[in-house]
Amino acid sequence: MKRIREEFLWVCLVFGCLTSRVWSQRQPQPQGPQVPCFFIFGDSLVDNGNNNRILTLARANYRPYGIDFPQGATGRFTNGRTYVDALAQLLGFPFYIPPYSRTRGPALLRGVNYASGAAGILDETGNNLGGHASMNQQVADFGETVTQMRRFYRGDANGLNSYLSKCIFYSGMGSNDYLNNYFMTDFYSSHSDYTPKAFADLLLRDYTRQLMQLYNLGARKVIVTLVGPIGCIPYQLARFNGNNTRCNENVNKAIVLFNSGLRKLVDQFNGGQLPGAKFVLIDSYQSSNDLYLNGSSYGFEVLDKGCCGVGKNNGQITCLPLQGPCDDRRKYLFWDAFHPTEMANILLARATYSSQSYTYPINIQQLASL
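The text that follows walks through the structure, step by step, so that each part is easy to find. (Residues numbered from 1 in each chain as written. Predicted model: local features only at pLDDT ≥ 70, side-chain atom pairs only at ≥ 80, totals over all residues. Heavy atoms only, no water.)

### Focus on the state of the cysteines
Reasoning step 1: Overall, the coordinates contain four disulfides when judged by the stated rule.
Reasoning step 2: One disulfide in the model links Cys-307 with Cys-326; its S-S distance is 2.0 Å. Its S-S torsion of about -100 degrees marks the bond between Cys-307 and Cys-326 as left-handed, since a negative value means left-handed. Placement of Cys-307 in the loop between β5 (302-306) and β6 (332-334) and of Cys-326 in the loop between β5 and β6 is noted, with a sequence separation of 19 residues between them.
Reasoning step 3: Cys-307 sits in the buried class, given a relative accessible area of 4%.
Reasoning step 4: Classification of Cys-326 as buried rests on a relative accessible area of 10%. (Disulfide = S-S within 2.5 Å. Helix = DSSP H or I, 4+ residues; strand = E, 2+ residues; numbered from the N terminus. Buried < 20%, exposed > 50% of the residue type's maximum accessible area, 1.4 Å probe, protein only.)

### A short note on the pairing of strand β3 (residues 221-225)
Reasoning step 1: The buried fraction of β3 amounts to five of the five residues, a majority that puts the element mostly inside the structure.
Reasoning step 2: Every second residue of β3 is oriented toward a common face, with Lys-221, Ile-223 and Thr-225 on one face and Val-222 and Val-224 on the other, all of them buried.
Reasoning step 3: As paired elements, strand β2 (residues 168-172) and β3 share four bridges and run parallel to each other. Within β3, the position partnered with Tyr-170 by the bridge is Ile-223.
Reasoning step 4: Sheet analysis places β3 next to strand β4 (residues 278-282), joined by five bridges and oriented parallel. The partner of Ile-223 across the bridge, within β4, is Val-280. (Pairing = 2+ DSSP bridges.)

### Quick notes on helix α9 (residues 249-273)
Reasoning step 1: In this model, α9 (25 residues) spans 34 Å end to end at C-alpha, consistent with the 36 Å of a helix rising 1.5 Å per residue.
Reasoning step 2: Taken together, the buried positions of α9 are occupied by Val-251, Asn-252, Ala-254, Ile-255, Phe-258, Asn-259, Gly-261, Leu-262, Leu-265, Val-266 and Phe-269.
Reasoning step 3: Buried residues in α9 make contact with α5 (175-182), α7 (196-216), β3, α8 (234-237), β4 and α10 (284-294).
Reasoning step 4: At the N-terminal boundary of α9, the capping side chain belongs to Asn-248, with an oxygen 3.2 Å from the backbone nitrogen of Asn-250. (Expected span 1.5 Å × (residues − 1). Contact = heavy atoms within 4.5 Å. Polar contact = N/O pair within 3.5 Å; in protein donor to acceptor, adjacent residues only side chain to side chain.)

Structure follows, in structure tokens:
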């Protein structure tokens, strides 16, 4: 589609082109951060090292993860930058937002990443993989951060609230509640306990409470993401034997129920339920579908296999320590069985930052300027 193709050309200029084409100049990056801080909540799509020191299979602090990242294998579940890394750059931050696991003191004032691989809205989600920080725990960790920040403001609650109201908050949750809970029937009973609609309602009830807790702690500019079409990721394709469709549409149909409810929730929050707050919804479901349908337009040649992995579609077992990945990551939409490549992350960051192709009701640049 034309809109993503235009975003791709812009990406080459700002971030360094990831295709063989050479560009003679780059557009200037923003001068200084547009917001004072950036707080991130989520799962492995945006985790940047919080799971490194806990007992879990959901960790990525080994090569070839980070093979294209300047700092190497940091715990990011991709070959380079995550979506929030690219977004932080677009917002003008001169540094990557650090993980909560190793951030204390005045550095907290600039923002923290609480995301944890395997995390979900429900506490039990991801237990099949081991330890992680669920959304409830991430919100509690932010509460502890606010307590520490109060000390820097010498108890001036109004001053701190004013500061936090200018910050960007990002929350991307729900994927694991389906991947590592509802559709993992050999470990969880949720699929037999709930219809797809009832399970979506359960998630939305808990997520509503969690987002309202963030609001009560000071969040006012909030980005939330829809769950992508995970019925189309290499992990699902390696297990799905559909006759007429490439993707597992049973998984995608369940996700659509959650996504439609989340869109309504954003309308409620913006409609006056949370005074002074502005929520922006990222339609990562549609953006992913557009990339599947038009991948070759953005340099992607392989849309259904991980760059690194084992078995059918490189999706039966995820990327193993010291495993050799594909030679040209630029041609792959997926890095491993679950996660997009750096190029896909950068494309989404740009598409959501300055256009409304996949954001509702405004884009992220407009949110930052409020």
